[in-house]
Amino acid sequence: MGIFNELRSRMSEALGDQELPRLTPDLTIKIAFYVGDQVIALDFAEGGAEISGESSAPQVTVRATTDAWDQVLMTPPPATFHSFTALQLANPLFEIAGSPLDLAKARPALERVFELVVTSPEMTAERAQRDLRQIRGQYAVVNIDDVPHEIYYEEAGEGVPVLFLHTAGADSRQFMPQLADTELAKSYRLIAVDLPFHGRSMPPLTWDGAPYKLTASLYLKWCTAILEQVVREKAIVAGGSMGAAMSLVLAAERPEHILGIVAIEPPFRSKGRRNPYQHNVNVHGSLHNSAYVRGIMSPLSPAGERRRSSWIYSQGAPGVYPGDLSFYSDEFDGAVTAPRIDPSRTPVALLSGDYDYSATPADGAKLAELIPGCLHLVMGGLGHFPMCEHPNFFRSYLVKGLDFVRHAAR
């Protein structure tokens, strides 16, 4: 059929998607995709969309050679060819043009269209035995600098404590599959918290309404207090993304509180995650932020799990996601933190998904070089949220990480 005609055919079919209208309420925008010197025009207006061979004055353009588009159409596509935001942030073969505001408004549509254009076989893995009834949810009043914080957390199982730390802008629902895992619960006391301002943990009553901003110092205080007052014993800390960065900080700064860490998608320096429209009155934050993270998941993960993972990001309080990135994307530096970890005292496992362009396998390798004797596993076919975007495939890597830390900590 040829690359141009194949891409046009897939885009045309994508416009019949039943999810697309939910992601594009009142969107009016013209988008042009250039395949070499040929163009596919995609026009959104009045709640619908149509495709044509030409477009006058498009607000957004996506340009690449035929060879580059060919990689998008591969089954599966290589990493950084699998989503619109990957093309924009991590793929130099594509030229994305448009005002930042127009790109932000179009992002939910573009991410969904690319999900439908990309063809990937769903990775299969043995389904873990899970029982949601074993999860116990409750609140604890945690004092942090003499200020009471009402912290929501969930717990399951008995044994070696594992404290799960969620990603920036999310909450503990990301670890629901692990807390429901009946086999894990036989050996581990599984605990997942909603940090203050996240999920079901409210801001403290002393908060004056000022913009939320997370710093390494504040985050370290939160986690130390949670370990002391909620977990109440030394634990393995298993954090994702921002939580992975903090697990490394805890290993360096508070080794007396932990048995070791499993850093899930650990960054080295993740400077590219900020976007001015993560919190802006001109853009629907719930639509934009949930689309922004859809682009960092693997196309090989089940569509239903990916949709749930992005759903969490549609429900964060205004300003919390970019506020978290003050720590994750601005402040954290693996080159500074990793050398301060004593791996003979604090075992470290690093788990890196190869579709993750925020915390890449190369980032994990750099950290591993600075932490002698750590375990670094590259998770083929997984993205930035493996614990929830494909929990069954992720499970074996998590078990290996936990086993490594558990045995090394003896």
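Quick caveat: nothing in here was measured; it's all calculated off a predicted structure. (Residues numbered from 1 in each chain as written. Predicted model: local features only at pLDDT ≥ 70, side-chain atom pairs only at ≥ 80, totals over all residues. Heavy atoms only, no water.)

Colleague: Honestly, the packing of helix α10 (residues 285–294) against helix α11 (residues 303–313) in this entry has me stumped. Any pointers?
Modeller: Helix-helix packing: each pair is described by the crossing angle between the helix axes and the interaxial distance. As a packed pair, α10 and α11 sit with axes 8 Å apart at the nearest point and diverge in direction by 135°. Relative to α11, the element α10 is oriented oblique. The two elements α10 and α11 cross, and the hand of that crossing is right-handed. Residues Ser286, Asn289, Ser290, Val293 and Arg294 of α10 lie in contact with α11, whose contacting residues are Arg307, Ser310 and Tyr313. Taken together, the residues of the contact of α10 with α11 sort by class into 2 nonpolar, 4 polar and 2 charged. (Axes fitted to C-alpha atoms, helices over the stretch in contact; angles between N-to-C directions. Helix = DSSP H or I, 4+ residues; strand = E, 2+ residues; numbered from the N terminus. Parallel < 35°, antiparallel > 145°, perpendicular 65-115°, else oblique. Left-handed = near helix turned anticlockwise from the far one by under 90°. Contact = heavy atoms within 4.5 Å. Nonpolar A, V, L, I, M, F, W, Y, C, P; charged D, E, K, R; others polar.)

Colleague: When you look at the packing of helix α8 (residues 216–231) against helix α9 (residues 242–253) in this model, what are you seeing that I'm missing?
Modeller: Taken N-terminus to C-terminus, the directions of α8 and α9 make an angle of 75°; their axes are 10 Å apart at the nearest point. Compared by their axis directions, α8 and α9 come out roughly perpendicular. When α8 is examined against α9, the residues Ala216, Tyr219, Leu220, Cys223, Thr224 and Leu227 are found in contact with a partner set consisting of Met242, Gly243, Met246, Val249, Leu250 and Glu253. Among the residues forming the contact of α8 with α9, the class breakdown is 9 nonpolar, 2 polar and 1 charged.

Colleague: Help me understand the domain arrangement of the chain in this model?
Modeller: Interface size is commonly expressed as the accessible area that is lost once the parts come together. The domain boundaries assigned to the chain delineate domain 1 (1–116) and domain 2 (134–407). For domain 1 versus domain 2, the distance between C-alpha centres works out to 31 Å. With 23 residues of domain 1 at the interface, the matching set in domain 2 holds 21 residues. In this assembly, domain 1 packs against domain 2 so that about 1800 Å² is buried in total across both faces, 64% of it on carbon and sulfur atoms. By the criterion of area lost to domain 2, the three top residues of domain 1 are His82, Arg107 and Glu115, representing 25% of everything that side buries. Between Glu115 and Arg294 there is a salt bridge whose closest N-O contact spans 2.9 Å. Run the count over domain 1 and domain 2 and you get 8 residue pairs in polar contact (both at pLDDT 80 or more). Of all the secondary-structure elements, those providing two or more residues to the side of domain 1 that touches domain 2 are α2 (20–23), α4 (84–90) and α5 (100–117). The element that contributes the greatest number of residues to the side of domain 1 that touches domain 2 is α5, accounting for 9 residues. Of the residues contributing to the side of domain 1 that touches domain 2, the split by class is 13 nonpolar, 3 polar and 7 charged. (Domains from an automatic or database assignment. Buried area = accessible area lost by both parts, 1.4 Å probe. Salt bridge = Lys/Arg side-chain N within 4 Å of Asp/Glu carboxyl O. Polar contact = N/O pair within 3.5 Å; in protein donor to acceptor, adjacent residues only side chain to side chain.)

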